[in-house]
Amino acid sequence: VAANMAGSLKLLRVSQQLVSQRSACAGFRHQGRLAATSFAQPPASGSLLLRPSTQALFGVRSFSSQTKAEDEVLPAGGLDFTDGQIAFGSKSTFELFRGWLILQTCAVGWIVRNCDSLYNMSIKILRPYITHEILRYGLFNHFCAGENVKEIIPRMEHLRTYGVGGILDYAAEAKDDGEPIKAPKAEESTAGASLTARNYDYSGEKHCDANALIFMDAIRAVKDATPDGFAAIKLSGLCDPRLMERMASCLIQITRLFWKISHDPATSKDISKSPYYAIDRSFTVDRDTFKSNWIKFFNVDDDADVQKMFDKIDTDKDGVISYLEWTENIKLSGINDIASSCIHRGPMFQAALIDEELQLYFNLVDRVHRILGLAQELGVRVMVDAEWIDIQPAIDHLVLTLQRQYNKGDQPIVFQTYQTYLKGMHQSVLRDLERSQRQGWYFGAKVVRGAYMVSEREKARTRGVESPINDTYEDTEKNYHDTIESILSHNVHNKGSETGRDSEAEVLVASHNRHSIEFVIRRAEELGKDTKGIYFGQLKGMADNLTFTLSKNGYKAYKYVPYGPIGEVVPYLIRRTQENSTILGSPGVQEERSMLGQELRRRILRF
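In what follows, the accompanying structure is described. (Residues numbered from 1 in each chain as written. Predicted model: local features only at pLDDT ≥ 70, side-chain atom pairs only at ≥ 80, totals over all residues. Heavy atoms only, no water.)

**With respect to the overall build of the chain**
Formally: Think of it this way: any DSSP run of H or I at least four residues long counts as a helix, any run of E at least two long counts as a strand, and we number them from the N terminus. Throughout this description, buried means an accessible area under 20% of the type-specific maximum (1.4 Å probe, protein chains only), exposed means over 50%, and partly exposed covers the range between. Residue exposure ignores everything except the shown protein chains as possible cover, and the areas themselves are Shrake-Rupley values with a 1.4 Å probe.
Helices and strands together make up the secondary structure of the chain, namely 24 helices and 10 strands. Going through the 607 residues of the chain one by one, you find that 51% of them count as buried. For the chain, the accessible surface area stands at approximately 27,900 Å², while carbon and sulfur atoms represent 52% of it.

**Topic: unusual backbone geometry**
Its identity as a non-glycine residue notwithstanding, Arg127 has a phi of 75°, on the positive side. Tracing the backbone through its elements, the reader meets Arg127 in helix H6 (residues 109-143). Look at Ala543: it is not a glycine, yet its phi comes out positive at around 55°. With respect to the helices and strands, Ala543 occurs in the loop between strand S9 (534-539) and helix H21 (544-552).

**A short note on the packing of aromatic side chains**
Any aromatic ring pair is given by two values, namely how distant the centres are and how the planes are angled relative to each other. What counts is decided by this rule: Here a Phe, Tyr or Trp ring, Trp counted by its six-membered ring, pairs with any other such ring whose centre lies within 6.5 Å, and the pair is stacked when the planes are under 30 degrees apart, edge-to-face when over 60, and tilted otherwise. The criterion is that NZ of a Lys, or CZ of an Arg, lies within 6 Å of the ring centre and within 35 degrees of the ring normal, and then a charge sits over that ring.
The full count for this structure, using the stated rule, is 18 aromatic pairs. Pairing Phe97 with Trp100 gives two aromatic rings, centres 6.3 Å apart and planes at 25°, and the pair type is stacked. In this pair, Phe97 and Trp100 both sit in helix H5 (residues 93-106), 3 residues apart, roughly one turn of the helix. Ring geometry for Trp259 against Phe283: centres 5.6 Å apart, planes inclined by 75°, an arrangement best described as edge-to-face. Remark: Phe283 occurs in the loop between helix H9 (241-262) and strand S3 (284-286) and Trp259 occurs in helix H9; sequence separation between them is 24 residues. Each of the two residues, Trp259 as well as Phe283, counts as buried. Above the face of the Phe230 ring, Arg381 is positioned so that its terminal group lies 4.0 Å from the ring centre. The ring of Tyr535 carries the charged tip of Arg381 above its face, separated from the ring centre by 5.1 Å.

**Details of the environment of Ile391**
We apply this condition: Contacts are residue-level and defined by heavy atoms, with any inter-residue pair within 4.5 Å sufficient.
Take Ile391: it is sitting in the loop between strand S5 (381-384) and helix H16 (392-406). A sequence separation of 142 residues divides Ile391 from Ser249, and the C-alpha atoms of the two residues are 8.3 Å apart. Residues in contact with Ile391, not counting those within four places in the same chain, are Ser236, Pro241, Met244, Glu245 and Ala248.

**Focus on the nonpolar core**
Put simply, the rule is: Here, nonpolar core refers to any group of buried Ala, Val, Leu, Ile, Met, Phe, Trp, Tyr and Cys residues whose side-chain atoms link them within 4.5 Å.
Judged by nonpolar contacts, the single largest core of 116 residues is most densely connected at Phe290, Trp326 and Leu372. Here this core takes 12 residues from H9, the largest share from any one element. If sequence neighbours within four positions are ignored, Phe290 has contacts with Ile261, Val285, Val306, Met309, Phe310, Ile313, Ile321 and Trp326. Core analysis: the next-biggest nonpolar cluster, separate from the first, contains 37 residues, Cys144, Phe230, Phe415 and Met542 among them.

**Focus: a nonpolar patch on the surface**
Heads up, the rule is: Every patch collects residues that have over 30% relative accessible area and no salt bridge, joining them within 9 Å if they carry like charges and within 5 Å if they are nonpolar side chains (Val, Leu, Ile, Met, Phe, Trp, Tyr). Salt bridge, as applied in this entry: a Lys or Arg side-chain nitrogen positioned within 4 Å of an Asp or Glu carboxyl oxygen.
Together, Met121, Ile125, Leu126, Tyr129, Ile130 and Ile134 make up an exposed nonpolar region whose accessible area comes to about 640 Å². Following the sequence through the fold, Ile134 ends up in helix H6.

**Focus on the sheet that holds strand S1 (residues 164-170)**
Sheets are built from strands that pair by backbone hydrogen bonding, the pairs being arranged parallel or antiparallel. Note the following rule: Any two strands between which DSSP finds at least two bridges are classified as paired. Only the contacting stretch of a helix is used when fitting its axis, a line to C-alpha atoms as for every element, and angles between N-to-C directions run 0 to 180 degrees.
Read around the barrel, 8 strands follow the order S1-S2-S5-S6-S7-S8-S9-S10 and close on themselves; strand pairing throughout is parallel. Direction aside, neighbouring strands of the sheet carry axes that sit 30° apart on average. Looking at chain direction, strand S2 (residues 230-233) and S5 are connected through 4 bridges and run parallel. By the bridge assignment for S5, Phe230 is matched with Arg381. The strands that helix H17 (residues 425-439) touches are strand S6 (414-419), strand S7 (443-448) and strand S8 (505-510); relative to S6, the one it contacts most, it runs at about 160°.

**Considering the packing of H9 against H16**
Our working rule: By definition in this entry, angles of less than 35 degrees are roughly parallel, angles greater than 145 are roughly antiparallel, angles of 65 to 115 are roughly perpendicular, and the rest are oblique. Gly is placed with the polar residues, together with every amino acid not listed as nonpolar (Ala, Val, Leu, Ile, Met, Phe, Trp, Tyr, Cys and Pro) or charged (Asp, Glu, Lys and Arg).
Following both chains from N to C, one finds H9 and H16 inclined at 80°, their axes separated by 7 Å at the closest point. In this view, H9 runs roughly perpendicular relative to H16, as classed from their interaxial angle. Together, Met244, Met247, Ala248, Leu251 and Ile252 of H9 and Pro393, Ala394, Ile395, His397 and Leu398 of H16 make up the contact between the two elements. Residues of the contact of H9 with H16, tallied by class, amount to 9 nonpolar, 1 polar and no charged.

**Let's talk about the environment of Gly567**
In this fold, Gly567 is placed in helix H22 (residues 566-579). With 434 residues separating them along the chain, Gly567 and Glu133 place their C-alpha atoms 9.9 Å apart. Setting aside anything within four residues of it in sequence, one finds Gly567 in contact with Tyr119 and His132.

And the structure:
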């Protein structure tokens, strides 16, 4: 790869020198430009002749192939996403070439699959400094904004001159302080104690506190570098991920309990192996059904206790309990009281958090509130990233809690991320839209397809359960578009709500798929909805034809920009490259690579 890069750089320099010396070539004098003829035809005397291999490098085709037909029909909104001058106008010729070379390299499957091994080998042979300096002018500068706020600000200001905002993601991790958390001391008779001891020896609470400070620095960086932008955070960086898995397990059992007390155990289907988001929750449970099923699972002193429990959950006082009422009143921190009365010490009993885990949970909540308190003070919006399925229910729970508190001002501060490659995710979005309407807070969402498809399917296979991932790409595409459709329709149909304000939902459409972006624009037009609460986001270094075209036409476009010390960010970039390997080989990336080559050719050979 290094050899190819060196050779290609040499070719680029030679080509640029030829252009700078164009007055020496007679063919360069004719009307200040090349005649609009195909390079497949014999070149005119004195004109520049490129070898076939060089033509392939720059995607050379006839000039006539670049010219749009006069009767070509543009997509919704009249946007042309194939104009290379708009797409790459913010980039220097070197940046264009670097982008083309990186996308070309990422199209080589064995490099992507083994890039972590290649990186580690380079670290051993060339040592870290040389390796990172080489990567700084390639992979790092292409995908990242810099190592610190000082480096970020000029790059973000450069994007802002083109109307593009930033979504800053501090991609490095805090240092491990080596201080383990002691294993919780619990007997098997204690609710929440499993047969295997849970040892929280990951790196100590100081590590999580350090990560919280990093996220707060990222929020300040957004305020300084891109005031209209977002900060992205990962909640798994604020506690041991295994604690989040325990929290998620507890929340899953709470959901399954709602199913069990709403159905006859003797006739209802077994949902223990059903994907969490695919579990049906559209029904209600009446008082008699609740009472008859509750006593099958829990010890109660008398009927009055069951009646009291029902009345506490039935906040609408309509004689039935919905899933939204259930989740609003069965608290994660209070599940121990319920689990301790379990007749059988099964999954529900074992899922409850023990006292030490509850303390760690409260520590997590405290860190998150400190981060969001700062964000609210500075007026910075925060996107909470989605992660793998084993911890995602815990993330959902925390984000909903934060949205209830921080999304009641003039704008939503907290944005949830919805992965639409998960079965049942559209229904989850509909429930959260209803929650926002019922409780009077702004709905904020980032909608993505998802990045853990291969690993999630493999985990499901090894566990012998149904895969949580949609069976086909078409299913995911439908889920993605249905989700965005529901958010746009929510905005149209909920003007002048009972909360005393317009119940607007805001959404960031995170996609490199041109057809999905065209779908959003078209549906907004058809619904008569302006796009002030609709944002579009793409990764820095990719899909510039989407980002800059959207921005030029007045839409709110953003680049997702990682930053941090290069030695810690490069491993993150490698993981992202491998997770998104399917995207790198998609038709959209192939089109972008071709556009980069054409724009390079246009610049180098222009007059």
